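Secondary and tertiary structure notes
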Number of protein chains: 2
Amino acid sequence: MPRRNGMGAAWWQGKFKGCGYRITLSREAIIDVLTKANKHLSAEDIYMRVHPKYPNIGLTTIYRTLDILVNIGIIFKFDFGDGRARYELVENTKGLNYHLHLICVNCNRIIDYTDYIDDVIELIDQIEKGLSLKYNFKITNHTIQFYGFCKECAGKE
Amino acid sequence: MPRRNGMGAAWWQGKFKGCGYRITLSREAIIDVLTKANKHLSAEDIYMRVHPKYPNIGLTTIYRTLDILVNIGIIFKFDFGDGRARYELVENTKGLNYHLHLICVNCNRIIDYTDYIDDVIELIDQIEKGLSLKYNFKITNHTIQFYGFCKECAGKE
DNA sequence: TCCTTCATGAAAATGATTTCCATTATTAAT
DNA sequence: ATTAATAATGGAAATCATTTTCATGAAGGA
Ligand SMILES: [Mn+2]
Ligand SMILES: [Mn+2]
Ligand SMILES: [Zn+2]
Ligand SMILES: [Zn+2]
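So, how was this worked out
Residues numbered from 1 in each chain as written. Chains lettered and ligands numbered in written order. Predicted model: local features only at pLDDT ≥ 70, side-chain atom pairs only at ≥ 80, totals over all residues. Heavy atoms only, no water. Domains from an automatic or database assignment. Contact = heavy atoms within 4.5 Å. Buried area = accessible area lost by both parts, 1.4 Å probe. Salt bridge = Lys/Arg side-chain N within 4 Å of Asp/Glu carboxyl O. Polar contact = N/O pair within 3.5 Å; in protein donor to acceptor, adjacent residues only side chain to side chain. Nonpolar A, V, L, I, M, F, W, Y, C, P; charged D, E, K, R; others polar. Pairing = 2+ DSSP bridges. Helix = DSSP H or I, 4+ residues; strand = E, 2+ residues; numbered from the N terminus. Near = heavy atom within 4 Å. Least-squares fit on C-alpha atoms with pLDDT ≥ 70 in both. Phe/Tyr/Trp six-rings, centres within 6.5 Å; stacked < 30°, edge-to-face > 60°. Buried < 20%, exposed > 50% of the residue type's maximum accessible area, 1.4 Å probe, protein only. Lys NZ or Arg CZ within 6 Å of the ring centre and 35° of its normal.

**Examining the domain arrangement of chain A**
Often the size quoted for an interface is simply the accessible area lost on bringing the parts together. Residues and elements named next belong to chain A. When cut into domains, chain A gives domain 1 (1-92) and domain 2 (98-157). Here the C-alpha centroids of domain 1 and domain 2 sit 25 Å apart. If you look at the interface, domain 1 gives seven residues, while domain 2 gives seven residues. In total, about 590 Å² of surface goes out of reach between domain 1 and domain 2, with carbon and sulfur atoms giving 57% of it. When residues of domain 1 are sorted by the area they lose upon contact with domain 2, His40, Phe78 and Phe80 head the list and together hold 70% of the total. Of the charged contacts, one joins Lys39 and Asp112 as a salt bridge, the two residues approaching to 3.1 Å between their closest N and O atoms. If you look at where domain 1 meets domain 2, you find five residue pairs in polar contact (both at pLDDT 80 or more). Each residue belonging to the side of domain 1 that touches domain 2 can be placed in one class, and the counts come to two nonpolar, two polar and three charged.

**Things to note about the pairing of strand E5 (residues 110-113) of chain A**
Residues and elements named next belong to chain A. Where strand E4 (residues 100-104) lies against E5, four bridges are found, and the strand directions are antiparallel. Its bridge partner being in E5, His101 is matched across the sheet by Asp112. Linking E4 to E5, which pair antiparallel, is a turn of five residues; within it Asn108 sits at a positive phi near 65°.

**Observations regarding the interface of chain A and chain B**
On the side of chain B, 37 residues touch chain A, which itself brings 37 residues to the contact. Where chain A abuts chain B, roughly 3,300 Å² becomes buried across the two surfaces, and 70% of that area is made up of carbon and sulfur atoms. When the buried area of chain A at its contact with chain B is split by residue, Tyr135, Phe137 and Phe146 of chain A rank highest and sum to 20% of it. Between the two partners, chain A and chain B, sit 12 residue pairs in polar contact (both at pLDDT 80 or more). For the side of chain A that touches chain B, the elements supplying multiple residues, two or more each, are E4, E5, helix H5 (117-135) and strand E6 (138-149) of chain A. Take the side of chain A that touches chain B: its biggest share by element is 12 residues, from E6 of chain A. Sheet analysis places E6 of chain A next to strand E6 (residues 138-149) of chain B, joined by 11 bridges and oriented antiparallel. Paired with Gln145 of chain A across the two strands is Thr143 of chain B, which belongs to E6 of chain B.

**Re the protein's contact with DNA strand D**
Near DNA strand D, the surroundings consist of 18 residues, among which Asn56, Thr61 and Arg64 of chain A together with Tyr63 and Arg84 of chain B are the closest. A share of 69% is what sugar and phosphate atoms reach among the atoms of DNA strand D within 4 Å of the protein. A distance of 3.0 Å separates a sugar or linking oxygen of DNA strand D from a polar atom in the side chain of Arg22 of chain A. In the environment of DNA strand D, a sugar or linking oxygen lies 3.4 Å from a nitrogen or oxygen atom belonging to the backbone of Gly83 of chain B. Split by residue class, the surface near DNA strand D holds four nonpolar, eight polar and six charged.

**Some thoughts on the relation of the copies chain A and chain B**
For the pair chain A and chain B, the best superposition has an RMSD of 0.1 Å and corresponds to a rotation of 180° with a translation of 0.0 Å parallel to the axis. Such a combination of turn and shift is consistent with a two-fold rotation axis. Closest to the rotation axis within chain A is the C-alpha of Ile144 of chain A, separated from it by 2.2 Å. With an isologous cut-off of 70% or more, the 100% of interface residues of chain A that recur at the interface of chain B puts this contact in the isologous class.

**Section: the packing of aromatic side chains**
Following the criterion strictly, the structure yields 10 aromatic pairs over all chains and no others. Geometrically, the ring pair formed by Phe16 of chain A and Tyr21 of chain A is tilted, given 5.6 Å between the ring centres and 50° between the ring planes. Among the residues examined, Phe16 of chain A registers a relative accessible area of 0% and is labelled buried. Arranged with centres 5.3 Å apart and planes meeting at 85°, the rings of Trp12 of chain B and Phe16 of chain B form a pair that is edge-to-face. Take Trp12 of chain B: its relative accessible area is 5%, and that puts it in the buried class. An aromatic cluster of at least three residues, connected via ring pairs, comprises Trp12, Phe16 and Tyr21 of chain A. Looking at Lys134 of chain A, its charged tip hangs above the ring of Tyr135 of chain A, at a distance of 6.0 Å from the centre.

**A few points about the protein's contact with DNA strand C**
The immediate surroundings of DNA strand C are formed by 18 residues, with Tyr63 and Arg84 of chain A together with Arg27, Asn56 and Thr61 of chain B found nearest. Interatomic distance of 2.8 Å between a side-chain N/O atom of Thr24 of chain B and a phosphate oxygen of DNA strand C. Of all the elements in the fold, those that place two or more residues in the surface near DNA strand C are helix H4 (59-71) of chain A together with helix H2 (25-36) and helix H4 (59-71) of chain B. Tallied by class, residues from the surface near DNA strand C come to four nonpolar, eight polar and six charged.

Shown next as structure tokens:
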């Protein structure tokens with residue numbers, strides 16, 4: 001179900017318009033897919049889900065829209081090291097990219113670590129504080145990913 | 001100082017031969033560059049340093065040799081998110097990729113965090129232990145990088 | 001030496017993402 | 001509503017790091 005606010009406008013449209021972008025069918029379709037999708041979609045994943053219903057929306061538009069969405073903070077862009085970027089609604093990540101990913105190197109399953117994340121956030125903050133002080137480096141962002149074997153794939157090394 | 005063992009053979013040649021690879025001029029030149037280099041060289045960086053002395057060594061050979069070196073554990077391969085891989089001697093990293101990188105998004109300087117790393121390693125281990133237990137996921141590897149502004153670039157945001 | 005295997009370089013292929021460019025849709029001004 | 005200015009679009013072509021292909025040149029063993 002598309003989330004709508006009291007005004008009948010979809011939740012994201014305010015921010016979108018506020019940044020000077022127009023609301024078009026293509027963009028609605030793309031955000032709709034992201035909203036409904038489980039997670040971690042690549043540009044082509046999105047293209048393939050949009051295409052049956054809107055065969056005239058091109059990959060280029062997908063990329064352009066994703067760029068905008070990243071820039072205005074509606075989605076995050078992740079690089080899991082397989083050569084294609086993945087995108088995920090900020091909403092799903094609870095607005096933090098302190099949200100960690102476990103990536104199975106065997107089946108490529110991606111597990112979100114979101115529960116009890118507070119302890120982890122605290123540890124990361126601790127690390128960042130240490131690094132900042134020691135190197136006089138102002139950290140604005142980070143990349144933290146863990147690779148290995150998921151429950152189903154353990155023992156298949 | 002070039003590391004050599006008692007036998008006069010370069011430090012890496014044993015491992016290299018032991019894995020069934022031949023020792024060639026190209027490979028010596030490439031490892032030599034990596035040994036002398038400050039750090040974090042891309043394939044093309046290496047190519048450009050090798051080329052003046054050995055103009056007949058091609059980029060393809062650089063890539064192939066780097067692949068081998070990664071596989072036998074002589075170098076690490078890093079992805080700093082700028083679209084090209086970087087390589088660094090395992091020796092320089094003290095044999096651990098618990099070695100962290102601070103990447104300046106303004107000047108692209110890469111700072112190694114190697115001092116007092118024990119505390120950080122302990123924190124990361126702690127995180128990994130928690131993740132492993134909770135998700136029954138066997139972690140074999142990770143990617144941890146911090147982005148921001150270095151001392152020289154602070155205030156240029 | 002003869003032979004099998006490995007190594008190499010040049011050129012072509014790859015594949016995700018970008019750029020170009022001509023066309024269309026949307027908004028703003030009249 | 002017409003018109004003018006601006007933004008959005010899709011398809012084709014360009015990018016660019018890395019891989020593959022393929023024909024040729026070493027190196028080592030019997
Ligand atoms: Mn996620
Ligand atoms: Mn390093
Ligand atoms: Zn798995
Ligand atoms: Zn800097």
